[in-house]
Amino acid sequence: MIYRLGDFQFPSAPEQLYPETPQRPWVLEVGFGDGRFWPHYARTFAEVPNYLGVELSGVSLLKANRWLKAAGLTNAVLTKLPAEVLVREVIPHGALDEIVVNFPDPWPKAGHEDHRLLRAPFFQLAASRLKPGGAVLLTTDHDEYFEFACEQAAASGVMRTELTQPPAAALETKYALKWRDLGLSPRHARFVPTAHPAVPSSGYAPFPADPEDPAVPHSIVQLPDSFDPQTFSKHTAVHPRGAWTVVLLDLYASLRRSDHGRSWVALAHVEEGGLTQEVLIDVTAREDGSTLVRLSRFSGPIITPGVKAAVGVLTDVLAGLGAEVRHRGY
Ligand SMILES: C[S@@+](CC[C@H](N)C(=O)[O-])C[C@H]1O[C@@H](n2cnc3c(N)ncnc32)[C@H](O)[C@@H]1O
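Values in this document were obtained by computation on a predicted structure and should not be read as measured data.

(A) Up close: helix α6 (residues 143-156). The end-to-end C-alpha separation of α6 is 20 Å, in line with the 20 Å expected for 14 residues at 1.5 Å each. Residues Y145, F146, F148, A149, C150, Q152, A153 and S156 constitute the buried set of α6. In the segment just after α6, G157 is the residue with positive phi, at about 75 degrees.

Dropping the structure here:
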């Protein structure tokens, strides 16, 4: 089954994702590519563990879904997200048995190490989400990345490295076969947590069922009679410690009519912790002459610190254009 970010809870318990089999072990595969690892690996268990696969590529997601269906693997969820976001925001603490990483992108150029997944902060996050006795399983053909990952695991202070043989299924993936054809042999490590640090999530929440729920980030402002949307211009705001970046891109006349006066919709680009969302914020005239600024459900947003900040940034921009802020609900 394919899940969008908005289908998850933050965190998501196995009972939500696998209602028929919540007690089974839980395996996360990062960067599953065309998805052929899991059907091979699942077969090696007497009882098929619950599976969560995370990928950046939408094409891979569709291919992998076909493999899962063909193999009849029902307690399996695929999603298109950066792995770091999924692990931090969706996985409960101490919930996973294994995190499998087969042939991660090596980012071989000097100076590109920051793009690599298996760095000390990820190992700390992984240790916080793994059960005691759980492990991160790495298989790669790339010697330099392998050494790098082992160094980073040691630097994390929470992982012990065991050098072992890879599971046979890891040698049947698309990249495994590609490297085998080139005569390269893969290396494998199990990174076992020696501690389970409490790495916090950022506090994401799904958009409430009722769009008028006060949990939807909003504010109430009084626009001056002279308010002219033409004076609005692109505006960027950055969290002081870099937690989010908000870019207010535009303010359009709204197609949705308000009976009470002029209405607009702002387009905002929000980046935070590896996640990017394009959100709309409605700016709607109210009966009492004030104006409601509220996150729209239109683009299916998740309520995150960055999205709340976007409503705040727009409110402040309107204040800079002469609005009086009456209420801040974000
Ligand atoms: C070299 S391919 C390996 C694919 C597959 N594991 C295999 O062995 O055939 C690496 C995959 O990791 C995915 N990927 C890279 N960074 C990722 C991230 N941060 N989160 C999720 N997937 C990621 C890429 O989209 C790509 O499909």
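(B) Geometry of the side chain of T139. By secondary structure assignment, the location of T139 is in strand β6 (residues 130-140). The class for T139 is buried, based on a relative accessible area of 0%. Apart from residues lying up to four places away in sequence, T139 is in contact with V101, N102, F103, P104, P166, P167, A170, P186, R187 and H188.

(C) Quick look at a positive patch on the surface. A surface patch of positive charge is lined by K63, R66, K174 and K178. Only α3 (58-70) and α7 (174-181) provide two or more residues apiece to the positive patch. Take K174: it is sitting in helix α7. Here K174 falls in the partly exposed class, since its relative accessible area comes to 42%.

(D) Structural detail: the site of the ligand. The environment of the ligand is made up of 16 residues, and the closest members are G31, E55, A83, N102 and T173. Expressed as a share of its isolated accessible area of 590 Å², the protein-covered part of the ligand is 86%. In this structure, the ligand is accommodated by the largest pocket. In terms of residue class, the shell around the ligand is made up of 8 nonpolar, 4 polar and 4 charged.

(E) Spotlight on the environment of L78. In this fold, L78 is placed in strand β4 (residues 76-80). For the pair L78 and P104, spaced 26 residues apart in sequence, the C-alpha separation works out to 17 Å.

(F) Quick peek at the domain arrangement of the protein chain. Per the domain assignment, the segments of the protein chain are domain 1 (2-193) and domain 2 (218-329). For domain 1 versus domain 2, the distance between C-alpha centres works out to 38 Å. Contacts between domain 1 and domain 2 engage 7 residues on the former and 4 residues on the latter. Summed over both partners, the interface of domain 1 with domain 2 buries about 420 Å², with 78% contributed by carbon and sulfur atoms. Inspection of the domain 1/domain 2 interface yields 0 salt bridges. Across the contact surface, domain 1 and domain 2 share 1 residue pair in polar contact (both at pLDDT 80 or more).

(G) Geometry of the packing of helix α5 (residues 120-129) against α6. Running from N to C, α5 and α6 point in directions that differ by 60 degrees, and their axes come no closer than 8 Å. Relative to α6, α5 is oriented oblique. Relative to α6, the crossing made by α5 is right-handed. On the side of α5, the interface is formed by A120, F123 and Q124, while α6 contributes A149, Q152, A153, A155 and S156. A class-by-class count of the residues in the contact of α5 with α6 yields 5 nonpolar, 3 polar and no charged.

(H) Region of interest: the nonpolar core. Membership of the largest hydrophobic core comes to 46 residues, with the highest contact counts inside it found for L118, V136, M159 and F191. Examining the composition of this core, we find that 6 residues originate from one element, α6, more than from any other. Not counting chain neighbours up to four residues away, the residues in contact with V136 comprise I99, V101, L118, F123, A126, L130, M159, A189, R190 and F191. Counting residues in each nonpolar core, the second largest holds 30 residues, with V283, I303, V313 and V317 among its members.

(I) Broad picture of the sheet that holds strand β7 (residues 159-163). Spatial ordering of the open sheet is given by β1-β4-β3-β2-β5-β6-β8-β7, a layout of 8 strands whose pairing is mixed. Each of the sheet's edge strands pairs with one partner strand only, and the pair in question is β1 (2-3) and β7. Note: β7 against strand β8 (residues 187-193), 5 bridges, orientation antiparallel. Bridge pairing links T161 to F191 in β8. Where α5 meets the sheet, it contacts β5 (96-102), β6, β7 and β8, and its direction lies at approximately 140 degrees from that of β6.

Conventions and cut-offs
- Residues numbered from 1 in each chain as written.
- Predicted model: local features only at pLDDT ≥ 70, side-chain atom pairs only at ≥ 80, totals over all residues.
- Heavy atoms only, no water.
- Helix = DSSP H or I, 4+ residues; strand = E, 2+ residues; numbered from the N terminus.
- Expected span 1.5 Å × (residues − 1).
- Buried < 20%, exposed > 50% of the residue type's maximum accessible area, 1.4 Å probe, protein only.
- Contact = heavy atoms within 4.5 Å.
- Patch = residues over 30% accessible without salt bridge, like charges linked within 9 Å, V, L, I, M, F, W, Y side chains within 5 Å.
- Areas by Shrake-Rupley, 256 points an atom, 1.4 Å probe, with all protein chains shown as cover.
- Salt bridge = Lys/Arg side-chain N within 4 Å of Asp/Glu carboxyl O.
- Lys, Arg positive; Asp, Glu negative; His and termini not counted.
- Charge placed at Lys NZ, Arg CZ, Asp CG, Glu CD.
- Near = heavy atom within 4 Å.
- 1 Å grid on protein atoms, 1.4 Å probe; cavity = no way out; pocket = protein on both sides within 12 Å on 5 of 7 lines; lining within 4 Å.
- Sits in = over half its atoms within 2 Å of the grid points.
- Nonpolar A, V, L, I, M, F, W, Y, C, P; charged D, E, K, R; others polar.
- Domains from an automatic or database assignment.
- Buried area = accessible area lost by both parts, 1.4 Å probe.
- Polar contact = N/O pair within 3.5 Å; in protein donor to acceptor, adjacent residues only side chain to side chain.
- Axes fitted to C-alpha atoms, helices over the stretch in contact; angles between N-to-C directions.
- Parallel < 35°, antiparallel > 145°, perpendicular 65-115°, else oblique.
- Left-handed = near helix turned anticlockwise from the far one by under 90°.
- Core = buried A, V, L, I, M, F, W, Y, C linked by side-chain atoms within 4.5 Å.
- Pairing = 2+ DSSP bridges.

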